[in-house]
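Okay, here's what each chain looks like letter by letter:
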Amino acid sequence: MSEPTGRERLLRSLKRPGSRGQITAAVLLAVVGFASVVQVQANERNDDYEGMREEDLVQLLNSLSSASQRAENEISELEQTRSELRSDTDSRQAALEQARERSTVLGILAGTLPAVGPGIVVTVKDPQGNVGIDQVLNGLQELRDAGAEAIELNSSVRVVAQTALEDGENGILVDETELTPPYTIEVIGDPHTLAEALNIYSGFVDDIEGTDIGGSVVIEESSNVEIATLTEPLDPEYAEPVESE
Amino acid sequence: MIAGLGLLVGVILGLMLQPEVPLWLEPYLPIAVVAALDAVFGALRAFLDGIFDDKVFVISFVSNVLIAALIVYLGDKLGVGGQLSTGVIVVLGIRIFSNVTAIRRHIFHA
């Protein structure tokens, strides 16, 4: 029989087990199988950093700490932005609030907003038709002097800065609107001061109740005078605001 | 026959016992396993060549494992453990491939 081939040797050893070489190989192969299975399992279990080398761990730690440093920087930047935005909104809101308040005040003064508040209601009766703009202007002037904040005539005309009065045929023309007696003047302001202003000696009341005119005046102080008439705000055609620094 | 049974027994033992790898062994075990595989394939090739000797097998197996572990240990001490492990794996891989080539020629004549 010639030199057996590798295949024949393999087959022969499979058929006749038990030689010393086979047992040795079996033991060592068992060791290899055991070790590889253990290693495979350890490797699969090792999802944390247990099996890592010291240098790898150090590197990992470094990269983690620099990442956290970056994140912290980002956080502080974002926080700064947030506080900037917040203070921005705050100041914008304050400005808005102020502007709103101002527009309310100006609206009441300019007659573009309805107003309510304490004040007086003056009723002027003029049976002889002698009351003219002289008397009414006088009265309005005295009311303004006494701090009237909003004035309405006959519940149909709001008296503002641009209001013009004229004598009409049956009464007075206020801003092109004809008013006839009896006149009602509704005023918002301090009721007592306003009433006093009309009642001063040879003032509005004296004037109308005098013998020349022969009218009568009733002044009611009220804690709740409502002025609902509005005026159209006019856009100034000629006057322009002076640019201030 | 018995050799194959031995391998099977080892695998089953490992699966059943599921031992924890001790911490000091952890860096060396993978390299040792690859070194042992190299020895096993070398032995199979020698067997097919008809020059198998169990004494040589045992010695080459043990020395392979020990040297692989030693190289890794030394590499760790020198601070090049990772690179050296890679190098050892590459060398052993090449050897395993060449052994498997020879085994293939014997068994399949190709």
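Residues numbered from 1 in each chain as written. Chains lettered and ligands numbered in written order. Predicted model: local features only at pLDDT ≥ 70, side-chain atom pairs only at ≥ 80, totals over all residues. Heavy atoms only, no water.

### So, the pairing of strand β7 (residues 183-188) of chain A
Side-chain positions along a regular strand alternate between the two faces of the sheet. All names here are of chain A. Burial analysis of β7 places five of its six residues in the buried class, the great majority of the element. Of the pairings in the sheet, the one linking strand β1 (residues 115-125) to β7 comprises six bridges and is antiparallel in character. Within β7, the position partnered with Thr123 by the bridge is Thr184. Examined bridge by bridge, strand β2 (residues 150-153) and β7 share four bridges and lie antiparallel to one another. Paired with Glu152 across the strands is Glu186, a residue of β7. (Buried < 20%, exposed > 50% of the residue type's maximum accessible area, 1.4 Å probe, protein only. Helix = DSSP H or I, 4+ residues; strand = E, 2+ residues; numbered from the N terminus. Pairing = 2+ DSSP bridges.)

### Re the pattern of salt bridges
Residue and element names in this part refer to chain A. Tallied over the entire structure, the rule returns three salt bridges over all chains. Measuring nitrogen to oxygen at the nearest pair gives 3.6 Å for the salt bridge that ties Asp88 to Arg92. With Asp88 and Arg92 both in helix α3 (residues 54-110) and four residues apart, the pair spans about one turn of that helix. With a relative accessible area of 58%, Arg92 lands in the exposed category. (Salt bridge = Lys/Arg side-chain N within 4 Å of Asp/Glu carboxyl O.)

### Concerning the packing of helix α4 (residues 133-145) of chain A against helix α5 (residues 191-199) of chain A
All names here are of chain A. It is at 9 Å that the axes of α4 and α5 come closest, and there the two elements cross at 140°. What the angle tells us is that α4 and α5 run oblique. Relative to α5, α4 is oriented so that their crossing is right-handed. Every residue of α5 that contacts α4 at Gly139, Glu142 and Leu143 is listed here: Leu194, Ala197 and Leu198. For the contact of α4 with α5, a count of residues per class yields four nonpolar, one polar and one charged. (Axes fitted to C-alpha atoms, helices over the stretch in contact; angles between N-to-C directions. Parallel < 35°, antiparallel > 145°, perpendicular 65-115°, else oblique. Left-handed = near helix turned anticlockwise from the far one by under 90°. Contact = heavy atoms within 4.5 Å. Nonpolar A, V, L, I, M, F, W, Y, C, P; charged D, E, K, R; others polar.)

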